[in-house]
Amino acid sequence: MAWPTLGILVVLTMVAYLDRNIVSLMVGMIKADLGVSDLKISLLQGFAFALFYSLCALPLGYAVDRSPRRWIILAGVLIWAAAATACGLVSNYSQLLVARMMVGLGEAALAPAAYSMLSDLFPKHRLAFALSLYTVGNAIGSALALAGGGQILQVAEGGVVLPLLGDLRPWQAAFVLTGLP
């Protein structure tokens, strides 16, 4: 049970870091399409996400100590996946900023619950190795954001038409496609 759980948590952290970092590839496109300044982009990429993530991590850590962790992780994943997808469906900067904040809220649930689960599942003499494997997911997810995101942007260069969603610009398609998993 411990190793499969670790595998699932690694995949989840990879997806979280992919969703967190893919915006860095789309700065120019977002600035051009939404007409936003460098300051607004900096808020979008860093401060708003990090602030919301940090503020939400504290009560979520408290909840992890008192509630079933798998349900907290599930709720977090559903929130960040919906929010990441919503980033691709926005029509203005304010909507994108709120969607990125919600990505931060959802992702804030994962780490406290994952660390708590892993410390219960692995014996003390294997815990450091399990935690290091979990944190490797961060680097892999960040690399996937750049490599996979770049590939998506290249394929979607002329825009994409998706069923039910219609015409999407390349940056919107990237958000939608990376938010769905």
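Above this text is the structure in question.
These numbers were taken from a predicted model, which means no experiment stands behind them. (Residues numbered from 1 in each chain as written. Predicted model: local features only at pLDDT ≥ 70, side-chain atom pairs only at ≥ 80, totals over all residues. Heavy atoms only, no water.)

## Notes on the overall build of the protein
Thinking step 1. A tally of regular secondary structure across the protein gives eight helices and two strands.
Thinking step 2. Along the chain direction, N to C, the helices and strands of the protein fall in the order α-α-α-α-α-α-α-β-β-α.
Thinking step 3. Since a compact globule built from 181 residues should have a radius of gyration of about 16 Å, the 17 Å found for the protein is in line with a globular shape.
Thinking step 4. Counting across all 181 residues of the protein, residues that qualify as buried make up 44%.
Thinking step 5. Taking all contacts inside the protein whose residues are at least 6 apart in sequence as the whole, residues at least 24 apart take part in 74%.
Thinking step 6. Of the accessible surface of the protein, which amounts to about 9,100 Å², a share of 68% is contributed by carbon and sulfur atoms. (Helix = DSSP H or I, 4+ residues; strand = E, 2+ residues; numbered from the N terminus. Rg over C-alpha atoms; globule rule 2.2 N^0.38 Å. Buried < 20%, exposed > 50% of the residue type's maximum accessible area, 1.4 Å probe, protein only. Contact = heavy atoms within 4.5 Å. Areas by Shrake-Rupley, 256 points an atom, 1.4 Å probe, with all protein chains shown as cover.)

## A word on a nonpolar patch on the surface
Thinking step 1. On the surface, F47, L51 and L55 cluster together to form a nonpolar patch covering roughly 310 Å² of accessible area.
Thinking step 2. Mapped onto the secondary structure, L51 falls in helix α3 (residues 38–64).
Thinking step 3. L51 gets classed as partly exposed once you look at its relative accessible area, which sits at 38%. (Patch = residues over 30% accessible without salt bridge, like charges linked within 9 Å, V, L, I, M, F, W, Y side chains within 5 Å. Salt bridge = Lys/Arg side-chain N within 4 Å of Asp/Glu carboxyl O.)

## Some remarks on the nonpolar core
Thinking step 1. The biggest cluster of nonpolar side chains holds 51 residues, and the ones touching the most others in it are I30, L96 and F175.
Thinking step 2. Within the residue set of this core, elements represented by two or more residues are α1 (2–21), α2 (27–34), α3, α4 (69–87), α5 (93–107), α6 (110–121), α7 (124–155) and α8 (170–179).
Thinking step 3. Dropping the residues within four chain positions of it, I30 is found in contact with V23, G35, V36, I41, L44, L96, W171 and F175.
Thinking step 4. Within the second largest apolar cluster, six residues are counted, among which are A156, V160, L162 and A173. (Core = buried A, V, L, I, M, F, W, Y, C linked by side-chain atoms within 4.5 Å.)

## A few points about the side chain of T5
Thinking step 1. Looking at the secondary structure, you find T5 in helix α1.
Thinking step 2. When near neighbours in sequence (up to four residues on either side) are disregarded, T5 contacts M117 and L121.

## Structural notes on the packing of α1 against α6
Thinking step 1. Where α1 contacts α6, the two axes come as close as 11 Å, and the packing angle between them is 165 degrees. On the basis of their axis angle, the class for α1 and α6 is roughly antiparallel. The chirality of how α1 crosses α6 is left-handed. Contacts between α1 and α6 involve A2, T5, L6, L9, L12, T13 and A16 from the first element and L110, A114, M117, L118 and L121 from the second. (Axes fitted to C-alpha atoms, helices over the stretch in contact; angles between N-to-C directions. Parallel < 35°, antiparallel > 145°, perpendicular 65-115°, else oblique. Left-handed = near helix turned anticlockwise from the far one by under 90°.)

## Considering the pattern of salt bridges
Thinking step 1. Scanning the model with the defined rule gives four salt bridges in all.
Thinking step 2. Among the salt bridges present, the one from R20 reaches E107, with a minimum N-O distance of 2.8 Å. Taken as a pair, R20 in helix α1 and E107 in helix α5 lie far apart in primary sequence, 87 residues in all. Across this residue pair, the class does not change: R20 and E107 are buried.
Thinking step 3. Its salt-bridge partner being R69, residue D120 comes within 2.6 Å of it at the nearest N-O pair. With D120 in helix α6 and R69 in helix α4, this residue pair connects regions lying 51 residues apart in the sequence.
Thinking step 4. On the accessibility criterion, D120 (56% relative accessible area) is exposed.
Thinking step 5. The exposure class assigned to R69 is partly exposed, which follows from its relative accessible area of 22%.

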